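# Survey of secondary and tertiary structure
For reference, the chains in residue letters:
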Amino acid sequence: MTLWWLVIGTVVGCYVLKLAGYLVPPRVLEHGPTRRAVELLPVALLAALVVVEAVANGCQYDLDGPRLAGLAVAAVAVWRRLPFLLIIVVAALSAALLRLG
Amino acid sequence: MRLAPLLRVRGPRRLLAAHGTIDESTAMAVAQPTDELARSAFWWTFGAIFVMWNTATLVGALSAGAIGDPSKFGLDAVVPAAFLALLAPRLRAGRIERRIAVGGAVIAAALIPITPPGVPVLAATAALLLAATMG
């Protein structure tokens, strides 16, 4: 039961946080430094997510060969500017093929 | 906050826009060249994901046991690959972006063993936000 309250609390918290973004007056957002910070925020967020998703399993480092190889292949695909879907497919395929053996 | 000036929603529609504000709709919206296309991208991505997400969840809940281990299909490699693909255009945008990305990656990697899951990403983002607003 406690778990459900936690779930409900998190749901409400997430929604309020997202709604808050739309309730901020436009004047604040047009302010230069705020705008710059808001633009740079996703860069830090995405970079951190790539690392955590690649090398972490809970609180531990988990260096899984096929997964890292999949990410490396994806990195090459990104560098070669392949379309998004293709990047995803080659990442999954490389990891899956390496696990076959 | 990034989307508000782009979508310019008012009144009760903000309640719906808030529900639709997810990684995917945000990424699709900010990648468009004009505000008009950004609004269209946001609402269509939200709609498509809302329908597909709920349908797929239902299908998964009813039948996922039959598939076995999802990592067999390399799905665990898909997540970081997708985030990397979303990050790429920003890395090409300038040197500050690249420095922030490296900083975020290093901070997150360092925090993995010493903080609960989820904290490394939030802490990396917060630290760099602080650095960006002060610098």
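A brief report on the enclosed structure follows. (Residues numbered from 1 in each chain as written. Chains lettered and ligands numbered in written order. Predicted model: local features only at pLDDT ≥ 70, side-chain atom pairs only at ≥ 80, totals over all residues.)

## Examining helix 5 (residues 75-91) of chain B
All names here are of chain B. Inclusion rule: By the criteria applied, helices consist of DSSP H or I runs no shorter than four residues and strands consist of E runs no shorter than two, each listed in order from the N terminus. Multiply 1.5 Å by the residue count of a helix minus one, and that product is the helix's expected span. Any residue surrounded by 20 or more other C-beta atoms within 10 Å of its C-beta is treated as buried, while 12 or fewer makes it exposed and the intermediate range makes it partly exposed; C-beta atoms here are placed from the backbone.
Its 17 residues give helix 5 an end-to-end C-alpha distance of 25 Å, which sits within 8% of 24 Å, the value for a rise of 1.5 Å per residue. Judged by how many residues are buried, helix 5 sits mostly within the fold: 12 of 17 residues are covered. Buried residues of helix 5: Asp76, Ala77, Val78, Pro80, Ala81, Ala82, Phe83, Leu84, Ala85, Leu86, Leu87 and Ala88, and no others.

## A few points about the interface of chain B and chain A
To keep things clear, this is the line we draw: Once C-beta atoms have been placed from the backbone, residue pairs whose C-beta atoms lie within 7 Å are recorded as contacts. Note that Gly is not counted as nonpolar here; it falls among the polar residues with everything else outside the nonpolar set of Ala, Val, Leu, Ile, Met, Phe, Trp, Tyr, Cys and Pro and the charged set of Asp, Glu, Lys and Arg.
Across the boundary between the two partners, chain B contributes 51 residues, which contact 49 residues of chain A. Residue assignment for the side of chain B that touches chain A shows that the elements contributing at least two residues are helix 1 (4-7), helix 2 (13-20), helix 5, helix 6 (95-111) and helix 7 (119-134) of chain B. Tallying contributions element by element places helix 5 of chain B first for the side of chain B that touches chain A, with 15 residues. Per-class residue counts for the side of chain B that touches chain A are 38 nonpolar, 7 polar and 6 charged.

## Some points on the environment of Thr45 of chain B
All names here are of chain B. Relative to the assigned elements, Thr45 resides in helix 4 (residues 35-63). Using a count of 18 C-beta atoms within 10 Å as the deciding quantity, one classes Thr45 as partly exposed. Once residues lying within four places of it in the same chain are set aside, the contact partners of Thr45 are Glu24, Ser25 and Met28.

## A look at the nonpolar core
The criterion, for reference: In this usage, the nonpolar core is the set of buried Ala, Val, Leu, Ile, Met, Phe, Trp, Tyr and Cys residues whose C-beta atoms join them within 7 Å.
In this structure, Ala48 and Ala91 of chain A together with Ala81 of chain B are the most contacted members of the largest nonpolar core, which totals 54 residues. Per element, the largest residue contribution to this core is 12 residues, and it comes from helix 3 (residues 32-55) of chain A. Apart from residues lying up to four places away in sequence, Ala48 of chain A is in contact with Gly104, Ala105, Ile107, Ala108, Pro120, Val121, Ala124 and Thr125 of chain B.

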